[in-house]
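Structure assessment
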Number of protein chains: 2
Amino acid sequence: MKNRSIIKGKPITLDIPVELSCKCEYALLALLELAAQYNEGEPLQIRQIAAQQNIPDRYLEQLLATLRRGGLVKSQRGAKGGYVLAREPWKITLLEVINCLEGLEAKSSKEEVNHKTVESAVVQEIWQEAHQAANLVLQKCTLQTLCDQRVARRQLDIMYYI
Amino acid sequence: MKNRSIIKGKPITLDIPVELSCKCEYALLALLELAAQYNEGEPLQIRQIAAQQNIPDRYLEQLLATLRRGGLVKSQRGAKGGYVLAREPWKITLLEVINCLEGLEAKSSKEEVNHKTVESAVVQEIWQEAHQAANLVLQKCTLQTLCDQRVARRQLDIMYYI
DNA sequence: ATGAAACCCCAGTGAAGAACCGGAGTATAA
DNA sequence: TTATACTCCGGTTCTTCACTGGGGTTTCAT
């Protein structure tokens, strides 16, 4: 959004994105690997994850750094280092993951300083509603859920082969 | 997404956006005006709508053209021309509007030719679920709904003034 | 100790899209 | 016939996304 309607010198920004971008997908795939590895105790290295899930490693590095700052993974530096989940897989929801990556902290803080029109307020409300409906789904899904589904789907694929 | 993981020469694109962008908001605001005007029968001009809702008129022009091609509004050319809703306000859902603007026709057609990994399939599934939860909200909301809410909210604002 | 393996930080780049802007048309009511 | 309003097409600027690269620093193994 370049210059959304400057009213009386006050710019109003109005977008409420709910994205599963490439970034989020990469991060989720990486976390899925870490979740599968969680019981081993051994850290997984960026290179391994990147190779396994076909993700550019230097990019993945940045994403994992973000997840680390968000408290979702822990890192071990040096040789034999790598990444481990900071919590159990069933205690990390997908909502946490994407919030960490997209950085939605400053959302509607100080109850919307920018005085908007009645119309845009109405539009935004319904959108928030849709947004929250999506968030609810993501909140109920954890990394463990995804892991279980992965296993189930693999079994299914084997069935089809026979 | 620039170059998402080209596996064996086959690029895979994987984003499932659910955006309320500036574009959608502009369009909804314009449609809201048209919905309020619907009983009058007289068309509304781009200039009027743009001035009322503080939208750049040349940009709004493009959006209305898209909505026209999508069959949501009708246009009348020449002097005394303008735009009218193509249907009654309660027969136009918000989902239709954003689908028209974002152009989500080719979604999952031919059941996903690009063979994806088990992991990304699992991630995409849950995302689709979230996506549909949001869509359900938008499908249940029509332009009439927004109109009614606008009226209600205006009453509320008057109450606060006293 | 020392070197290699791994994470860490910061900066830049290229493509794509979003949000416009402008001009030259074309249809139509008065 | 003329002013009004839509229509089509192209360009411009700005931002973001998905990367890439160049330096580090920390830590384990020998």
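Residues numbered from 1 in each chain as written. Chains lettered and ligands numbered in written order. Predicted model: local features only at pLDDT ≥ 70, side-chain atom pairs only at ≥ 80, totals over all residues. Heavy atoms only, no water.

Take the protein's contact with DNA strand C next. By nearness alone, 28 residues border DNA strand C, and Ser75 of chain A together with Cys22, Tyr26, Arg58 and Gln62 of chain B come closest of all. Between DNA strand C and Ile46 of chain A there is a distance of 3.0 Å, counted from a phosphate oxygen to a backbone nitrogen or oxygen. Interatomic distance of 3.2 Å between a side-chain N/O atom of Tyr59 of chain B and a phosphate oxygen of DNA strand C. Within the residue set of the surface near DNA strand C, elements represented by two or more residues are helix H3 (57–69), strand E1 (73–76) and strand E2 (82–85) of chain A together with helix H1 (22–37) and helix H3 (57–69) of chain B. Counting residues per element, the surface near DNA strand C draws most heavily on H3 of chain A, which supplies four residues. (Near = heavy atom within 4 Å. Polar contact = N/O pair within 3.5 Å; in protein donor to acceptor, adjacent residues only side chain to side chain. Helix = DSSP H or I, 4+ residues; strand = E, 2+ residues; numbered from the N terminus.)

This paragraph deals with the protein's contact with DNA strand D. The immediate surroundings of DNA strand D are formed by 30 residues, with Tyr26, Arg58 and Gln62 of chain A together with Glu61 and Tyr83 of chain B found nearest. Restricting the count to atoms of DNA strand D within 4 Å of the protein gives a sugar and phosphate share of 62%. With respect to DNA strand D, the side chain of Gln62 of chain A contributes an N or O atom lying 2.3 Å from a base oxygen. A distance of 3.4 Å separates a sugar or linking oxygen of DNA strand D from a polar atom in the backbone of Gly78 of chain B. Broken down by secondary-structure element, the contributors of at least two residues to the surface near DNA strand D are helix H1 (22–37) and H3 of chain A together with H3, strand E1 (73–76) and strand E2 (82–85) of chain B. Residues that form the surface near DNA strand D fall into these classes: nine nonpolar, 11 polar and 10 charged. (Nonpolar A, V, L, I, M, F, W, Y, C, P; charged D, E, K, R; others polar.)

As a further point, take the environment of Thr145 of chain A. All names here are of chain A. Secondary-structure assignment places Thr145 in helix H6 (residues 143–161). C-alpha of Thr145 to C-alpha of Leu94: the two residues are 51 residues apart in sequence and 9.8 Å apart in space. Looking at Thr145, its side chain comes within polar contact range of the side chain of Thr142, at 3.0 Å.

A word on the pattern of salt bridges. Enumeration according to the criterion identifies 16 salt bridges over all chains in this entry. Across the salt bridge formed by Asp57 of chain A and Arg47 of chain A, the nearest N and O atoms sit 3.6 Å from each other. Separated by 10 residues along the polypeptide, Asp57 of chain A in helix H3 and Arg47 of chain A in helix H2 (residues 46–53) bring together distant segments of the chain. On the accessibility criterion, Arg47 of chain A (63% relative accessible area) is exposed. Between Arg58 of chain A and Glu61 of chain A there is a salt bridge whose closest N-O contact spans 2.8 Å. Here the residue Arg58 of chain A and the residue Glu61 of chain A both occupy positions in helix H3, the gap between them amounting to three residues, near one helical turn. Exposure remark for Glu61 of chain A: the relative accessible area of 34% places this residue in the partly exposed category. Three or more residues are tied together by salt bridges with common partners; here these are Glu33, Arg150 and Arg154 of chain A together with Glu119 of chain B. (Salt bridge = Lys/Arg side-chain N within 4 Å of Asp/Glu carboxyl O. Buried < 20%, exposed > 50% of the residue type's maximum accessible area, 1.4 Å probe, protein only.)

We now examine the environment of Ala36 of chain B. Residues and elements named next belong to chain B. Topologically, Ala36 is positioned in helix H1. Considering only alpha carbons, one finds Ala36 and Leu146, 110 residues apart in sequence, at a separation of 9.9 Å. In this structure, Ala36 is in contact with Cys147 and Arg150, ignoring residues within four places of it in sequence. (Contact = heavy atoms within 4.5 Å.)

Residues and elements named next belong to chain A. On average, residues of chain A carry a pLDDT of 83, and 80% of them reach 70 or more. Across residues 1–17, where pLDDT falls below 50, the model places 38 contacts with residues more than four positions away in sequence or in other chains. With pLDDT under 50 throughout, residues 105–113 is counted as low confidence; its partners more than four residues away or in other chains account for four contacts. (pLDDT = per-residue confidence, 0-100.)

All names here are of chain A. Pairing between E1 and E2: four bridges, direction antiparallel. Across the sheet, the residue bridging to Ser75 is Tyr83, located in E2. Adjacent in sequence and paired antiparallel, E1 and E2 are bridged by five residues, among which Gly78 carries a positive phi angle near 80°. (Pairing = 2+ DSSP bridges.)

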